[in-house]
Amino acid sequence: MQRIGVIGGGTMGAGIAEVAARAGGSVLVLERDTEAADAAVARIEKSLARAVKSGRLEQAAADEARARITLTTAIDDFADRELVIEAAPEIESLKTDFFTKLDGIVSPETILATNTSSIPVIRLANATANPGRVVGVHFFNPVPVLPLVEIVVTLKTDREVADKVTAYARDILGKRTIESKDQAGFIVNALLIPYLCSAIRMYETGFASAEDIDEGMVSGCAHPMGPLRLTDTVGLDVTLAVAESLYAEFGEPQYAPPVLLRRMVDAGYLGRKTGRGFYTY
């Protein structure tokens, strides 16, 4: 698969587009308008420049990767794609609409994938005429740096589709892959979100400062990043969406979003991407 489509050029979509282009793919990214497309280009170019500065990428390779990425505002341009990865915001109706439209545009052999971190993949697959060609490919932020991709297989996903996407992520993108059943949160978030929510509740009650909570987990448990700073990196809005999905699916109290998390999202304090979360950036 060399002709790759990415729906959405936000933090995750831009990262997916970058790694696909760095692996030699011809990448087409859909954005809602010219302004959003320009912002997506800026994200990709900034990330490539950062990789060059850190010595992880040669300038020539960065230039070649950038040249393989094209932005569009027309979903009809995706007709020739072999693999399309949806990375739109975590709004089920929005994602479902994209899958319905793509189903009528791409060829019957095209694989449709979603980067959702919280929505059961089968709900998106059922928006198409052939749910067997739909699979979850959950990347982690920042996509060019973190090595993991969760392959999420629904009850209707064709085994050949899952195997082909796994091989692409592993052999072409150079990622490590794990396979999950199609339950809210999949493997990583089903374990991670209760931990983040627990840390937020501890901070919310005034039991300890954000700095001490994070330092405890970094220096006491050898975590590379504390839970509150990690929440800022993931995005408080994303954390809330996943927690709500997990709580709706399982109804267990450890998944219930803390009130403080809801209020911070209401206030627009979403973490690093807005400059303020549990810390100021």
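In the annotation of an unreviewed UniProt entry, the protein is listed under the name 3-hydroxybutyryl-CoA dehydrogenase and assigned to Nocardia otitidiscaviarum. Recorded in UniProt under Sequence similarities (unreviewed entry), the annotation for the protein is "Belongs to the 3-hydroxyacyl-CoA dehydrogenase family."

Engineer: Explain the sheet that holds strand 3 (residues 69-72) to me, please; I cannot follow it from the model alone.
Structural biologist: Hydrogen bonding along the main chain pairs the strands of a sheet, whether they run parallel or antiparallel. Here eight strands make up an open sheet; going across it, the order is 3-2-1-4-5-6-7-8 and the pairing mixed. On the outer flanks of this sheet lie strand 3 and strand 8 (176-181), each paired with one strand and no other. Taken over all neighbouring pairs, the strand axes of this sheet differ in orientation by 25 degrees on average, direction set aside. With four bridges connecting them, strand 6 (residues 134-139) and strand 7 (residues 148-153) associate as antiparallel partners. When the bridges of strand 7 are listed, His138 appears paired with Glu150. On top of the sheet, helix 6 (residues 159-172) reaches strand 1 (3-7), strand 4 (83-86), strand 5 (111-114), strand 6, strand 7 and strand 8; it is set at about 175 degrees to strand 7, its chief contact.

Engineer: Would you mind going over the pattern of salt bridges with me for this structure?
Structural biologist: Where charged atoms of side chains with opposite charge meet at close range, the side chains can pair. In the structure shown here, the tally under the stated rule is 18 salt bridges. Measuring nitrogen to oxygen at the nearest pair gives 2.9 Å for the salt bridge that ties Lys273 to Asp237. With a gap of 36 residues between them, Lys273 in the segment after helix 11 (259-266) and Asp237 in helix 10 (residues 236-250) connect regions that are remote in the sequence. Here Arg262 makes a salt bridge to Glu244, at a shortest N to O gap of 2.7 Å. Highlighted residues: Arg262 in helix 11 and Glu244 in helix 10, separated in sequence by 18 residues.

Calculation notes
- Residues numbered from 1 in each chain as written.
- Predicted model: local features only at pLDDT ≥ 70, side-chain atom pairs only at ≥ 80, totals over all residues.
- Heavy atoms only, no water.
- UniProt positions renumbered as here; feature names shortened; annotations may be inferred.
- Pairing = 2+ DSSP bridges.
- Helix = DSSP H or I, 4+ residues; strand = E, 2+ residues; numbered from the N terminus.
- Axes fitted to C-alpha atoms, helices over the stretch in contact; angles between N-to-C directions.
- Contact = heavy atoms within 4.5 Å.
- Salt bridge = Lys/Arg side-chain N within 4 Å of Asp/Glu carboxyl O.

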